[in-house]
Amino acid sequence: MDRIRIVGGRRLEGTIPISGAKNATLPLMIASLLTKDTLILDNVPRLADVSLLQRILGNHGVDIMVGGKRPGGKLDDGQTLHISAANIVDTTAPYELVSKMRASFWVLAPLLARIGEARVSMPGGCAIGTRPVDLLIMAMQRLGAQIEIDGGYVVARAPRGLKGAEIVFPKVTVGGTHTAIMAATLADGSTLIENAAREPEIADVALCLNKMGARISGAGTRRIVVDGVGKLSGARHAVLPDRIETGTYAMAVAMAGGDVFLQNTRADLLQAALDVLTRTGAAVTPTNQGIRIARNGADLRPVDVTTAPFPEFPTDLQAQLMALMTRARGTSQIVETIFENRFMHVQELARLGARIQLHGERATIEGVERLTGAPVMATDLRASVSLVIAALAAEGETLVNRVYHLDRGFERLEEKLGRCGAAIERLSG
Ligand code: UD1
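Residues numbered from 1 in each chain as written. Predicted model: local features only at pLDDT ≥ 70, side-chain atom pairs only at ≥ 80, totals over all residues. Heavy atoms only, no water.

**Comments concerning the overall build of the protein**
The helix and strand inventory of the protein stands at 14 helices and 26 strands. Projected onto its principal axes, the C-alpha coordinates of the protein cover approximately 65 × 50 × 40 Å. In the protein, which comprises 429 residues, the proportion classed as buried is 56%. For the protein, contacts bridging at least 24 residues in sequence account for 75% of all contacts bridging at least 6. Accessible surface for the protein amounts to roughly 16700 Å². Of this, 47% is attributable to carbon and sulfur atoms. (Helix = DSSP H or I, 4+ residues; strand = E, 2+ residues; numbered from the N terminus. Buried < 20%, exposed > 50% of the residue type's maximum accessible area, 1.4 Å probe, protein only. Contact = heavy atoms within 4.5 Å. Areas by Shrake-Rupley, 256 points an atom, 1.4 Å probe, with all protein chains shown as cover.)

**Re the site of the ligand**
Near the ligand lie 19 residues; those nearest to it are Asp 134, Leu 135, Val 174, Asp 316 and Ile 338. Note that an oxygen atom of the ligand is positioned 3.0 Å from one of the side-chain N or O atoms of Asn 23. Here Thr 173 contributes a side-chain N or O atom positioned 2.7 Å from an oxygen atom of the ligand. Against a free-state accessible area of 750 Å², the protein chains account for coverage of 89% of the ligand. Contributions of two or more residues to the shell around the ligand are made by helix H5 (134-142) and helix H6 (174-185). In terms of residue count, the dominant contributor to the shell around the ligand is H5 (three residues). Looking at the shell around the ligand residue by residue, the classes come out as nine nonpolar, four polar and six charged. Both domains that furnish three or more residues to the shell around the ligand are identified here as domain 1 (3-17 + 241-427) and domain 2 (26-238). (Near = heavy atom within 4 Å. Polar contact = N/O pair within 3.5 Å; in protein donor to acceptor, adjacent residues only side chain to side chain. Nonpolar A, V, L, I, M, F, W, Y, C, P; charged D, E, K, R; others polar. Domains from an automatic or database assignment.)

**Some words on the nonpolar core**
Soluble, globular proteins show a tendency: their nonpolar side chains are buried together. Leu 12, Leu 209, Leu 321, Leu 413 and Leu 417 are the most contacted members of the largest nonpolar core, which has 149 residues in total. No other element matches the nine residues that helix H8 (residues 243-256) contributes to this core. A domain-level breakdown of this core finds at least three residues from each of domain 1 (3-17 + 241-427) and domain 2 (26-238). In contact with Leu 12, other than residues within four places in its own chain, are Ala 252, Val 253, Ala 256, Gly 257, Gly 258, Asp 259, Val 260, Leu 392, Leu 417, Cys 420 and Ala 422. (Core = buried A, V, L, I, M, F, W, Y, C linked by side-chain atoms within 4.5 Å.)

**Some words on the environment of Arg 223**
Among the secondary structure elements, Arg 223 is positioned in the loop between strand E12 (215-217) and strand E13 (224-227). On the accessibility criterion, Arg 223 (47% relative accessible area) is partly exposed. Along the sequence, Arg 223 and Asn 195 sit 28 residues apart, while their C-alpha atoms lie 6.3 Å from each other. Dropping the residues within four chain positions of it, Arg 223 is found in contact with Leu 192, Ile 193, Glu 194, Ser 217 and Gly 218. Within polar-contact distance, the side chain of Arg 223 engages the side chain of Glu 194 at 3.2 Å.

**A word on the packing of aromatic side chains**
One pass over the full model with this rule turns up zero aromatic pairs. Positioned above the aromatic ring of Tyr 153, the side-chain terminus of Arg 119 is 4.3 Å from the ring centre. (Phe/Tyr/Trp six-rings, centres within 6.5 Å; stacked < 30°, edge-to-face > 60°. Lys NZ or Arg CZ within 6 Å of the ring centre and 35° of its normal.)

**What about the layout of surface pockets?**
Its boundaries defined by the atoms lining it, the second largest pocket holds a volume of some 370 Å³. Lining the second largest pocket are 19 residues, with Met 255, Arg 295, Asp 299, Arg 327 and Glu 369 sitting closest to its centre. Looking at the lining of the second largest pocket residue by residue, the classes come out as seven nonpolar, five polar and seven charged. (1 Å grid on protein atoms, 1.4 Å probe; cavity = no way out; pocket = protein on both sides within 12 Å on 5 of 7 lines; lining within 4 Å. Points joined across faces, edges and corners; volume = space filled by probe spheres on them.)

**Let's talk about the sheet that holds strand E3 (residues 38-44)**
An order of E4-E5-E3-E14 is seen for the four strands of this open sheet, with the pairing classed as mixed. Bordering the open sheet on either side are strand E4 (63-67) and strand E14 (235-238), each of which pairs with just one other strand. Between one strand and the next, the sheet's axes are offset by a mean angle of 15 degrees, whatever the strand orientation. With four bridges connecting them, E3 and E14 associate as parallel partners. Directly across from Asp 42, in E14, lies its bridge partner Ala 238. The sheet contacts of helix H2 (residues 48-59) involve E3, E4 and strand E5 (79-84), and relative to E4 the element is tilted by about 150 degrees. Along the sheet, helix H7 (residues 200-211) makes contact with E3 and E14, crossing E14 at roughly 160 degrees. (Pairing = 2+ DSSP bridges. Axes fitted to C-alpha atoms, helices over the stretch in contact; angles between N-to-C directions.)

In short, geometric facts, not functional conclusions.
Structure, rendered in structure tokens:
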């Protein structure tokens, strides 16, 4: 199993190219199930989750050709996927595959909308809390699907097609909003989605679906209207930049000190997080091509932050901010409101010398003078990258074990940080 070795204390200087967003790529790939025609996606990140979803879609009969592998092609440009779901051979998504990646449960919606049936395994346990799918099921039922739970599988049927309806989410859910939109594109009549998630990835997927012939308005706001159409066609779409990768490297620079340009990204995708970084004392300068982040010598100031749905501070940057605050001059508070039990990184950060106390959903972080390197264990995607951030400022060597979690969501992390001067390497085997 690969490990990552980091020797802390180096400043970061240079440019980091930001990849396409994982959390848009996955639903975009799933949206290909809605049409017989080819969907072409550009700026797709090279991630383990993308490869896994390729396998999952392959199981349904989807053909995926990966372009962009020409000799001399630059890795920074992202991949191009040509996805064709002309022949759906199987409407079952088995446990072995769905349990590896929760988002694959979302295939339920396009299969139901296009074929009128789907049998998808419940996602099962997850390292960050219970993460139920009740609201996704509710949305499908509102659109007229008959749902049964059979042997751990959600069996959904709509033999006469889905019908437009009003869907009111009692709680903001990204997956619920994606699936409601996808299902409604091919429903008979109009669908109103209230209290929709406003994450930029929702708007990006809706933009692509509209290029495919869907009629979606209001994506990116709380209220989305989808007028159903008879069929969707192919399209070409470039995935938007990854705001979580952007925020992660921004925090890495704030932690290590230095001056780095985050290229091919946009400040409006993560304004709340950039505002927090400015409060900590980092200099944040957005430009047309990206965002410049610098911190030169000044102490880090503590902050109080609560995670919440977009446009507030994202839960997917909570662990990284906590790592940063371990070195602040003073005490910070971070409240996690989206996922229970998303504090697995706390114990590992403590191994590096961090002082963090947990009371329910609130973490109190008392900044320390120094962190010291140690062997640590990656527990989930965001937690593992928080350990990398802490290690950049720790004295001596940190070995991060189980880095397959990192590879799920961060493309060539060690290369991107290494090019900016970090002492970081992957140890294979
Ligand atoms: C997506 C993101 C994930 C991010 C999360 C919150 C992708 C691939 N993943 O996950 O990185 O951390 O949004 O921004 O885009 N809930 C229910 N019932 C449901 C569905 C959700 O109670 O049926 C709850 C969840 O337990 C959680 C909250 O709603 O407390 C938000 O979850 P949701 O927005 O659905 O997260 P995901 O779509 O799984």
